[in-house]
Amino acid sequence: MVTAMETEVKEQINAGRILVVGTQAGGKTAFVTQLAARTEHDTKYREDFGGTIETEYFKVSYRQDSFFGLLLPIGGQEKWHTLRERFGATAEGAIVIVDASTKGFWENSLEQIINISKVIPYKNFPLGIIVTKRDLNERLKEETPKIAEKICETIAKASECSIDYYSRGFHIIPRHLKLSSYKISFTQLEQVIVNSLEQEYFSELVPGNARLGKRKLPELSLVNARIFARALAIALMGSDLSLDQLALLNDMRPTMLELDASWNRLQKLYPKAGDEPQMVIEKITSSLIETVIYERLLAQEADILQFTHKINDLSSKTEWLCLGSKYINVFDFKDINEAASFVENLLLATGDNIPEEKYSILDPITPLF
Ligand SMILES: Nc1nc2c(ncn2[C@@H]2O[C@H](COP(=O)(O)OP(=O)(O)OP(=O)(O)O)[C@@H](O)[C@H]2O)c(=O)[nH]1
Ligand SMILES: [Mg+2]
C-alpha cells in the first residue's frame, strides 16, 4: 500500500538563470562561489591569474533546496562580450558587480549590463548591484601614503638601474624593466606599481602562481594588486578613460608586460582606444598618487548611491527592475549571508518578469538560406 508520505512530491521551484556580469577581477566568481558554498560545502574559491574563461555555473539554493537559481558569473574580460550577450537571451535576471577599490572601471561594468539588457527576454527583469571589496577599500584608504611613497621609490630604482618581473607564457621568463627616457608609458607604470605592491605587501612569491606566497595584508590578493595597479596607472595618466581604452585594458588580468602583450598590439583589436598614454616621470609625485587614489579609485558611500541612482534612472530605457545595491566583503560570513537574502529576493522577483520579444538565439539575425 502506498502511504500519503510516499506519494507526497517535494515541490522544487527553479527561479531560472541569473547572469553575473561586471568588469574583470571585480569578484564575480568569488561572490557566487561563496553563495553556493553556503549549501554545497565543498565549493571553494581558488585564486587564479587567468580569470574565468567563458563562464561558470553555480546552483544557489534556499529552504533545503526547495527554491534555487543558477548563477552564471561570466568572464569579465572584454573578449567574452559576444558570449555574454548570447547567454543573456536565456536569462531571467542579472547581477552587476563593481569593485569598490577601482571605481575607474565602473563604467565598464555599466556598459556590460546595458548591453545585456537588450537581450534578456523580459520586461521588469530583476537586477541587483553588488559592490565588492569593502574590506580592501577600507584597508587601502589607510595604506595610501605608504603605497604612494613606495611607487616613487620603485620609479627611481627603475630609472637608475632596473626592476625585475616575470612574463607568464608557456614558460615563466624573468625579465628586466629599465626606464630609459624622461617619459613613462602606461605599460611600464602598470608594472612599476605591481612591483611596488608586491615588494611591500607580499613575501615568498612564486612567479606565475596567484595562490602561493604570503600576504601581509589579507585583503590584498595578487590579482587585486594587478587590477588596482592598472586602474591607478591609467588614472595617473590623466584624463578620463574612454570606453575604448577600458575595453583594451580589460582584455587581460595580469599586466601587459607579464603577458608579453603591448598596447600597440591590442590597439589593433580596439582601434578607437588611441595611442598608449605616457607621462613625464617628474610629474609623478607621492602627493599626486595619493590624490588620484582617494579621488579616482577608492569608492565612497556617495559613489555607490550615485551608481545605484544611475542604474535606477536607466530603467525606462533598459526595462530592468533595479532592486538596489549591497556593499560587501565577499569573504565575510555576515556580509555573504546578507547578500544571500538579497539574491533570494532577486530570484523571487523573477516571478514578476513580463515576457517580451527581444533578440533570441532561436531567431537568427540573418536567414540561414
Ligand atoms: N579583499 C577582497 N578581495 C576580493 C573580494 N571579492 C573578490 N576579491 C578578489 O578579487 C580577485 C578577483 O576575483 P574573481 O572572483 O576571480 O573576479 P571575477 O570578477 O570573476 O574576474 P573575471 O573572471 O576575470 O571576470 C581575487 O583575487 C579575489 O580574491 C572582496 O570582497 N574582498
Ligand atoms: Mg570570474
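Structural notes, computed from the coordinates. What you are looking at is a predicted structure, and each value in this text was computed from that prediction instead of being measured.

Rules and cut-offs
- Residues numbered from 1 in each chain as written.
- Chains lettered and ligands numbered in written order.
- Predicted model: local features only at pLDDT ≥ 70, side-chain atom pairs only at ≥ 80, totals over all residues.
- Pairing = 2+ DSSP bridges.
- Helix = DSSP H or I, 4+ residues; strand = E, 2+ residues; numbered from the N terminus.
- Axes fitted to C-alpha atoms, helices over the stretch in contact; angles between N-to-C directions.
- Core = buried A, V, L, I, M, F, W, Y, C linked by C-beta atoms within 7 Å.
- Buried ≥ 20, exposed ≤ 12 C-beta atoms within 10 Å, placed from the backbone.
- Domains from an automatic or database assignment.
- Contact = placed C-beta atoms within 7 Å.
- Near = placed C-beta within 6 Å.
- Nonpolar A, V, L, I, M, F, W, Y, C, P; charged D, E, K, R; others polar.

Notes on the sheet that holds strand β13 (residues 320-327)
In space, the 6 strands of this open sheet follow the order β2-β3-β1-β4-β6-β13, with mixed pairing throughout. Each having just a single partner strand, β2 (58-62) and β13 make up the two edges of the open sheet. Pairs of neighbouring strands in the sheet enclose a mean axial angle of 25°, with direction left out of account. The sheet contact formed by strand β1 (residues 13-21) and strand β3 (residues 67-73) spans 6 bridges and is parallel. If you follow R17 over to β3, its bridge partner there is L70.

Some details on the pairing of β1
Pairing of β1 with strand β4 (residues 93-99) involves 4 bridges; the strand directions are parallel. Residue pairing across strands places I18 opposite G93, the latter belonging to β4.

Considerations on the nonpolar core
The nonpolar side chains of soluble globular proteins are, as a tendency, buried together. The biggest cluster of nonpolar side chains holds 94 residues, and the ones touching the most others in it are I18, L19, V20, A94, V96, I193 and L232. Counting contributing residues per domain, this core is built from domain 1 (9-133 + 300-355) and domain 2 (136-297), each supplying no fewer than three. Setting aside its immediate chain neighbours within four residues, L19 contacts L72, I74, F87, G88, A91, A94 and I116.

As for the site of ligand 1
Around ligand 1, 26 residues are found, and the nearest of them are G27, G51, T52, G76 and S221. Listing elements by their share of the shell around ligand 1, those giving two or more residues are α2 (28-36), α5 (134-160) and α7 (222-236). When residues of the shell around ligand 1 are assigned to their parent elements, the largest contribution, 3 residues, is made by α2. Looking at the shell around ligand 1 residue by residue, the class counts come to 7 nonpolar, 13 polar and 6 charged. The residues that make up the shell around ligand 1 include at least three from each of domain 1 (9-133 + 300-355) and domain 2 (136-297).

In short, shape yes, function no, at least from these values alone.
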